[in-house]
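Summary of the model geometry
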Amino acid sequence: MSTENLPQSPGQPPRKPRVAVVFGGRSSEHGISVVTAGAVLRAIDRTKYDVLPIGITRDGRWALTADEPERMAIVDRRQPSVEELAESAEGGVVLPVDPSTREVVYSEPGSVPKALGEVDVVFPVLHGPYGEDGTLQGLLELSGVPYVGAGVLASAVGQDKEYMKRVFTSFGLKVGPYVVIRPREWERDESAARKKIVDFAGEHGWPLFVKPARAGSSIGITKVDDLSGLDEAIAEARRHDPKILVEAALRGREIECGVLEFEDGPRASVPSEIPSAETHAYYDFEAKYIDSTPGIVPAPLTEEETAEVQRLAVEAFEAASCEGLVRADFFLTEDGEFVINEINTMPGMTPISMYPQMWQASGVGYPELVDRLVQAALRRSTGLR
């Protein structure tokens, strides 16, 4: 669908495409999603698009929210929430389940439902489970509404760090050593599951990184320097996800690269480097979003290294069947080899996030970045493709 061929009444001028920006959600990354939505709402061209902000509360209610991006920011280390932005404590927004219509309806208890008009594309800026993991994408496929970003499969692969690594390995991309502990392993024999991690440490050494397998924004991750900190790290990871991933520490530089879908296919941005955070054990949530540890853009790499990481980023994008956008994270090891750590199919797009910074340095400013993502979604249909 192009922006020139949207449905319209006879004799009426072409209407602007309507973009529903959906944010918040049920995951532990709720607040960062709200911050990202604020940045998108500030940047989107209101002369070109009509915009409908829809927030998902922490308990899963779809709420009509204020279109006030200035309220969607971290203030005094406190993250914003959909509950603070919702126009009603009980009202709910409902997407169509009939693909022949894109009419969005708003209803409150005791009131007649109100039609909010058709939506032409959804811009989901949710992070983590129940939004970035293919669940929302599946709902949008059933509704027949185009959306920004990866489809169901790529979103699920991009969320689950185990299967992401398995896919990359099958395509010849190098990943670091890791071990996975699934929920049934804990349920069957907790001591055996813990021993599996201890044996992994014996083979690859300390420190280890203990992570929720299906979370992002560095939430729930612990750097474990020795056996004494292992149990607490496991408990923290399992608080966010019953399935955990344990990775060996790789010695090297942290390099990131953005991928964006253009009319002729995906292209890579200039890469960035995440410097060692002096006040943090690693590039954790606090370093990223609270203390705003700055990245280096562009990364100080040779021309050959830059070309190689850009090639690998696009290769990872294609390997996982991604669409729209991806941030690919690598380690450049001491022997000069790039090892892919993970991809993020809906990376943080706050004003300080690395993905928009890398594209800004590549000549694509934030408003153009948002526009390209919406246009890429409008060019695609839902369903098999």
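As a reminder, the structure under discussion sits directly above these lines.
Presented here is an overview of the structure given in this document. Just so it is clear, the model here is predicted, and its values are computed rather than measured.

Reading the values: rules and limits
Residues numbered from 1 in each chain as written. Predicted model: local features only at pLDDT ≥ 70, side-chain atom pairs only at ≥ 80, totals over all residues. Heavy atoms only, no water. Core = buried A, V, L, I, M, F, W, Y, C linked by side-chain atoms within 4.5 Å. Buried < 20%, exposed > 50% of the residue type's maximum accessible area, 1.4 Å probe, protein only. Helix = DSSP H or I, 4+ residues; strand = E, 2+ residues; numbered from the N terminus. Contact = heavy atoms within 4.5 Å. Salt bridge = Lys/Arg side-chain N within 4 Å of Asp/Glu carboxyl O. Pairing = 2+ DSSP bridges. Axes fitted to C-alpha atoms, helices over the stretch in contact; angles between N-to-C directions.

Glancing now at the nonpolar core. Ranked by internal contacts, the top residues of the largest apolar core, which has 36 residues, are Val19, Val21, Phe23, Phe123, Leu369 and Leu373. Elements represented by at least two residues in this core include exactly strand 1 (18–24), helix 1 (30–43), helix 2 (82–85), strand 7 (121–124), strand 12 (252–262), helix 11 (354–361) and helix 12 (366–379). Top element by residues in this core is helix 12. It accounts for seven residues. With residues up to four places along the chain from it excluded, the contact list for Val19 reads Ile44, Tyr49, Asp50, Val51, Leu52, Val121, Phe123 and Val374.

Before going further, it helps to examine the environment of Leu369. Its location among the elements puts Leu369 in helix 12. Its relative accessible area of 0% is what places Leu369 among the buried residues. Note: C-alpha distance between Leu369 and Val40 (329 residues apart in sequence) is 9.7 Å. Not counting residues up to four positions away in its chain, the partners in contact with Leu369 are Leu260, Met349, Tyr355, Pro356, Trp359 and Val364.

Applying the stated rule across the entire model yields 31 salt bridges. The residue Lys165 makes a salt bridge to Glu247 at a minimum N-O spacing of 2.9 Å. With Lys165 in helix 5 (residues 161–170) and Glu247 in strand 11 (residues 244–248), this residue pair connects regions lying 82 residues apart in the sequence. Just as Lys165 is buried, Glu247 falls in that class too. The residue Asp241 makes a salt bridge to Arg214 at a minimum N-O spacing of 2.6 Å.

Of note, Ala66 is situated in the loop between strand 3 (62–64) and helix 2. Along the sequence, Ala66 and Glu315 sit 249 residues apart, while their C-alpha atoms lie 39 Å from each other. Beyond its immediate chain neighbours, meaning those up to four positions away, Ala66 contacts Pro53, Arg71, Met72, Leu85 and Glu87.

Let's shift gears to the sheet that holds strand 11. The four strands lie next to each other as 8-11-9-10, forming an open sheet whose pairing is antiparallel. Edge strands, defined here as strands with exactly one partner in the open sheet, are strand 8 (178–181) and strand 10 (222–224). Strand-to-strand twist of the sheet, defined as the mean angle between neighbouring strand axes without regard to direction, takes the value 25°. Bridge analysis of strand 9 (residues 208–212) against strand 11 gives five bridges, and the strand direction is antiparallel. Among the inter-strand pairings, Phe209 is bridged to a residue of strand 11, identified as Glu247. Contacting strand 8, strand 9 and strand 11, helix 7 (residues 190–204) runs over the sheet at an angle of about 175° to strand 8.

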